[in-house]
Amino acid sequence: MRAVLTVVGQDRVGIVAGVSQALAELKFNIVDMSQTIMEGNFTMMLVCELPVTKMDFESVRNQLSKLGQQLGVQIRIQREEIFDAMYKI
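The structure contained in this document is the topic of the report that follows. Model, not experiment: these values are computed from the prediction. (Residues numbered from 1 in each chain as written. Predicted model: local features only at pLDDT ≥ 70, side-chain atom pairs only at ≥ 80, totals over all residues. Heavy atoms only, no water.)

With that settled, consider the pattern of salt bridges. Evaluated as defined, the whole model comprises two salt bridges. The residue Glu49 makes a salt bridge to Arg2 at a minimum N-O spacing of 4.0 Å. Here Glu49 is found in strand β3 (residues 41–49), whereas its partner Arg2 is found in strand β1 (residues 2–10), with 47 residues between them in sequence. On the basis of relative accessible area, Arg2 is assigned to the partly exposed category, the value being 31%. Between Glu58 and Arg61 there is a salt bridge, with its nearest N and O atoms 3.3 Å apart. Here Glu58 pairs with Arg61, and both are found in helix α2 (residues 57–71), just three residues apart, close to one helical turn. Residue Glu58 is classed as partly exposed on the basis of its relative accessible area, which comes to 41%. The partly exposed category is assigned to Arg61, whose relative accessible area is 32%. (Salt bridge = Lys/Arg side-chain N within 4 Å of Asp/Glu carboxyl O. Helix = DSSP H or I, 4+ residues; strand = E, 2+ residues; numbered from the N terminus. Buried < 20%, exposed > 50% of the residue type's maximum accessible area, 1.4 Å probe, protein only.)

Structure below.
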């Protein structure tokens, strides 16, 4: 399964490191990543491959949300097929 992860917040040291470390611990593979900083605002979007396990997606979402609070950013994750369906015209 693939997922789209977004990270938004005030720029500060450690955001990319914190998010990528958490994804590595979850055994997620980062397939594609884009990030930018605009006037002090950090934004990052990642496409990840999730391991083939009976992973509880909601608990992953909660874990990443808590990480976002620790890093001072908002982290959201969606299954890729849902993301694609929402944003296709």
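Here the narrative resumes, following the displayed structure.
On to the sheet that holds strand β2 (residues 29–38). Overall, antiparallel pairing links the four strands, which are arranged β2-β3-β1-β4 in an open sheet. A single partner strand is all that each edge strand has here, and the edge strands are β2 and β4 (73–79). Neighbour-to-neighbour, the strand axes of this sheet turn through a mean angle of 10°, independent of strand direction. Pairing between β1 and β3: nine bridges, direction antiparallel. Pairing of Val8 across the sheet is with Thr43, part of β3. Packed onto the sheet, helix α1 (residues 15–25) meets β1, β2, β3 and β4 and runs at close to 20° relative to β3. α2 contacts β1 and β4 of the sheet and is inclined by roughly 160° relative to β4. (Pairing = 2+ DSSP bridges. Axes fitted to C-alpha atoms, helices over the stretch in contact; angles between N-to-C directions. Contact = heavy atoms within 4.5 Å.)

Fair warning: the whole summary comes from geometry, so function is off the table for now.
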